[in-house]
Amino acid sequence: MESIGGLSNRTRLRQFRRSVLIFLAVVGPGIITANVDNDAGGILTYSQAGAGFGYTLLWTLVPITVALIVVQEMVARMGVVTGKGLADLIREEYGFRITFFLMVLLLIADLGNTISEFAGLASGMSVLGVTRFIAVPLGAVLVWTLVVKGTYRLVEKVFLVACLFYVAYPLSCFLARPRWSQALLSVAKPSFHFQSSYIYMLIGLVGTTIAPWMQFYLQAAVVEKGVTIKDYIYSRWDVIVGCIITDLVAFFIVVACAATIYVSGHGEIHDAADAALALRPLAGRAASWLFAFGLCNASIFSACILPLATAYYVCEGLGFESGIDKRLHEAPAFYALYTGLIAVGAVAVMVLSEAKQVPIILLTQVVNGILLPVVLIFMLRLINRKDLMGEYRNSRLFNYIAWSTCVVVVILTLILAGSAFLPGHAGS
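Given the structure is predicted, the values throughout are model-derived calculations rather than measurements.

Rules behind the numbers
- Residues numbered from 1 in each chain as written.
- Predicted model: local features only at pLDDT ≥ 70, side-chain atom pairs only at ≥ 80, totals over all residues.
- Heavy atoms only, no water.
- Helix = DSSP H or I, 4+ residues; strand = E, 2+ residues; numbered from the N terminus.
- Buried < 20%, exposed > 50% of the residue type's maximum accessible area, 1.4 Å probe, protein only.
- Contact = heavy atoms within 4.5 Å.
- Areas by Shrake-Rupley, 256 points an atom, 1.4 Å probe, with all protein chains shown as cover.
- Phe/Tyr/Trp six-rings, centres within 6.5 Å; stacked < 30°, edge-to-face > 60°.
- Lys NZ or Arg CZ within 6 Å of the ring centre and 35° of its normal.
- Salt bridge = Lys/Arg side-chain N within 4 Å of Asp/Glu carboxyl O.
- Axes fitted to C-alpha atoms, helices over the stretch in contact; angles between N-to-C directions.
- Nonpolar A, V, L, I, M, F, W, Y, C, P; charged D, E, K, R; others polar.
- Expected span 1.5 Å × (residues − 1).
- Parallel < 35°, antiparallel > 145°, perpendicular 65-115°, else oblique.
- Patch = residues over 30% accessible without salt bridge, like charges linked within 9 Å, V, L, I, M, F, W, Y side chains within 5 Å.
- pLDDT = per-residue confidence, 0-100.
- Polar contact = N/O pair within 3.5 Å; in protein donor to acceptor, adjacent residues only side chain to side chain.
- Lys, Arg positive; Asp, Glu negative; His and termini not counted.

1. Topic: the overall build of the chain
Phase 1: Looking only at helices and strands, one finds 19 helices and 0 strands in the chain.
Phase 2: Out of the 428 residues belonging to the chain, those deemed buried represent 54%.
Phase 3: Across the chain, contacts joining residues at least 24 apart in sequence account for 83% of those joining residues at least 6 apart.
Phase 4: For the chain, the exposed surface amounts to about 18,800 Å²; the carbon and sulfur share of it is 68%.

2. Quick notes on the packing of aromatic side chains
Phase 1: Here the structure, examined in full by the defined rule, presents 11 aromatic pairs.
Phase 2: Judged by centre distance (5.1 Å) and plane angle (80 degrees), the rings of F334 and Y335 are edge-to-face. Here F334 and Y335 have matching classes, each one buried.
Phase 3: Taken together, F174, W180, F251 and F252 form an aromatic cluster joined through their ring pairs.
Phase 4: Just above the ring of F398 sits the side chain of R77; from NZ or CZ to the centre is 5.4 Å.

3. A word on the pattern of salt bridges
Phase 1: Taken as a whole, this structure holds 6 salt bridges when the rule is applied.
Phase 2: The salt bridge involving R91 is made with D88; its shortest N-O contact spans 2.5 Å. Taken together, the residues span about one helical turn, with R91 and D88 both in helix α5 (residues 86-94) at a distance of 3 residues.
Phase 3: Within the structure, one salt-bridge network assembled from shared partners comprises E73, R77 and R236.

4. Examining the packing of α5 against helix α6 (residues 96-127)
Any two packed helices are characterised by the angle at which their axes cross and by the distance between the axes.
Phase 1: Two elements in contact, α5 and α6, have axes separated by 7 Å at closest approach and are oriented at 145 degrees. Where α5 abuts α6, its residues A87, I90, R91 and Y94 lie against F96, I98, T99, L102 and M103.
Phase 2: Across the contact of α5 with α6, the residue classes tally to 7 nonpolar, 1 polar and 1 charged.

5. Observations concerning helix α7 (residues 132-149)
An α-helical segment advances 3.6 residues per turn. Residues three or four places apart therefore align on the same side.
Phase 1: Taking 1.5 Å of rise per residue, the 18 residues of α7 would be expected to cover 26 Å, and the 25 Å separating its terminal C-alpha atoms lies within 8% of that figure.
Phase 2: Among all positions of α7, only A135, V136, G139, A140, V143, L146, V147 and V148 are buried.

6. Brief notes about α5
Phase 1: Among the residues of α5, L86, A87, D88, L89 and I90 are the ones counted as buried.
Phase 2: One or two steps after α5, the chain reaches G95, where phi turns positive at roughly 95 degrees.

7. Topic: the packing of α5 against helix α12 (residues 212-225)
Phase 1: Running from N to C, α5 and α12 cross one another at 100 degrees; their axes reach a closest spacing of 8 Å. One element, α5, and the other, α12, form an angle in the roughly perpendicular class. Residues L86, A87, L89 and I90 of α5 form the contact with α12, whose own contacting residues are Q215, F216 and Q219.
Phase 2: A per-class count over the contact of α5 with α12 returns 5 nonpolar, 2 polar and no charged.

8. Description of a nonpolar patch on the surface
Phase 1: A cluster of nonpolar side chains, F96, F100, F101, V104, L105 and I108, forms an exposed patch at the surface whose accessible area comes to about 540 Å².
Phase 2: Counting through the fold element by element, F96 comes out in helix α6.

9. Remarks on the confidence of the model for the chain
Low pLDDT marks regions whose predicted coordinates should not be analysed in detail.
Phase 1: On average, residues of the chain score 77 in pLDDT, and 75% of them are at 70 or above.
Phase 2: Taken element by element, the chain is modelled with least confidence in helix α1 (residues 2-26), mean pLDDT 50, and with most confidence in helix α16 (residues 332-351), mean pLDDT 90.
Phase 3: Every residue in residues 19-26 scores below 50 in pLDDT, and together they form 13 contacts with partners more than four places removed in sequence or on other chains.

10. Details of the side chain of S186
Phase 1: Structurally, the position occupied by S186 is in helix α10 (residues 180-188).
Phase 2: A relative accessible area of 13% places S186 in the buried class.
Phase 3: A polar side-chain atom of S186 sits 2.9 Å from the main-chain carbonyl oxygen of Q182.
Phase 4: Other than its neighbours up to four places away in sequence, S186 contacts Y55, L58 and W59.

11. As for the environment of V255
Phase 1: With respect to the element layout, V255 can be found in helix α13 (residues 232-264).
Phase 2: According to the relative accessible area criterion, V255 is buried, its value standing at 0%.
Phase 3: Remark: the alpha-carbon pair of V255 and G54, spanning 201 residues in sequence, is separated by 7.4 Å.
Phase 4: Once you skip the residues sitting within four places of it in the chain, V255 turns out to touch Y55, L58, C173, P178, W180 and A183.

12. Here we look at the environment of K189
Phase 1: By the secondary structure assignment, K189 is in the loop between α10 and α11 (196-209).
Phase 2: Here K189 falls in the exposed class, since its relative accessible area comes to 57%.

13. Quick notes on the environment of I69
Phase 1: If you trace the backbone, I69 turns up in helix α4 (residues 61-82).
Phase 2: Note: C-alpha distance between I69 and V239 (170 residues apart in sequence) is 6.8 Å.
Phase 3: Residues contacting I69, with those up to four places away along its chain left out, are V239, I240, C243 and I244.

14. Looking at the side chain of E117
Phase 1: On the secondary structure map, E117 appears in helix α6.
Phase 2: Despite being buried, E117 has no salt bridge partner; R132 is the closest side chain of opposite charge, sitting 15 Å away.
Phase 3: Residues within four places of E117 in sequence aside, it is in contact with D39, A40, S299, S302, A303 and L306.

Below, the structure written as structure tokens:
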């Protein structure tokens, strides 16, 4: 019996090791996509939430995480089952004309997003004493070289390493010495206020978490990685782990700013670098530098992914060759678009003043708000097609959750788009 039991234990150990190895082979797209969500704009939003409202908005991270998992799992599943990207499926099912206009709007939005990432890099490096005229060109060259000269596996490994540096935010949070009991209670105990500023920030937290580009990039990345249906369970865990990690990082950003900036009474910050500078007299120079380092890492990480995501889905949607593993002459449109977005984004940050960059970032938020509900509806219609997904369609329960998420996001993003034009909110 002992030998049988021992054999059984060895068998279970081998099965566990095999599962871990498969997971490590599949891991990447979900964790990377979710972490890019904590870009310069996301960090600013979470910083403002903590600085302006203390711990009171922490409860929103629970439903936001659930919504993010639902949406990301759907596109990952479609990529595994169909072997095609989301833009590919939309073009095949709904025609070239609809796809073309959708791609143009997404391209405009992502150009603004790319500009905001380089602005975040410039802002973070300024805290560390480096001028934007040095930081932005070097960052642009690094981003371009990594993707154009690297293979998919190399680029993915670099991106996964970049995800590790988000540990800067938990560290800066612990240095801020927050009231952990109050923070944890705020996560479990929802509170709501009818102040316009509170509602606006609530909408901003939702809007910064689920963006149109994420769905296209994740599905394209799953397809390029070649994940099979039999290994999909590991891809699903990749998505779930990524979503949880990214919102844990958001939790630490909110708590760090709530424990320092909000407590001090100086709740108004204009960019993420303001949050890093505000931490210095309150939590020490180390916390300030860690926060700024995290901003720089997030900005350059996102400056890699956003143009890459755009190049993926625009080329997919218009029928051009795409993929990091393809050479320049094999996918000229893909690399030209990627290069153009980086070049325009970097030059805009160096040439335009911060005041002139704001309208571009504002327009980006409005376009994202308009596009997100459209993209979600396309996704839900596609994933419920029996001829397309077969037995991997949404279950009734999952469909209910997904459509509910879609309705809530539609309402919130429409309010966000409309509120952008209201006096007093343009600069929020």
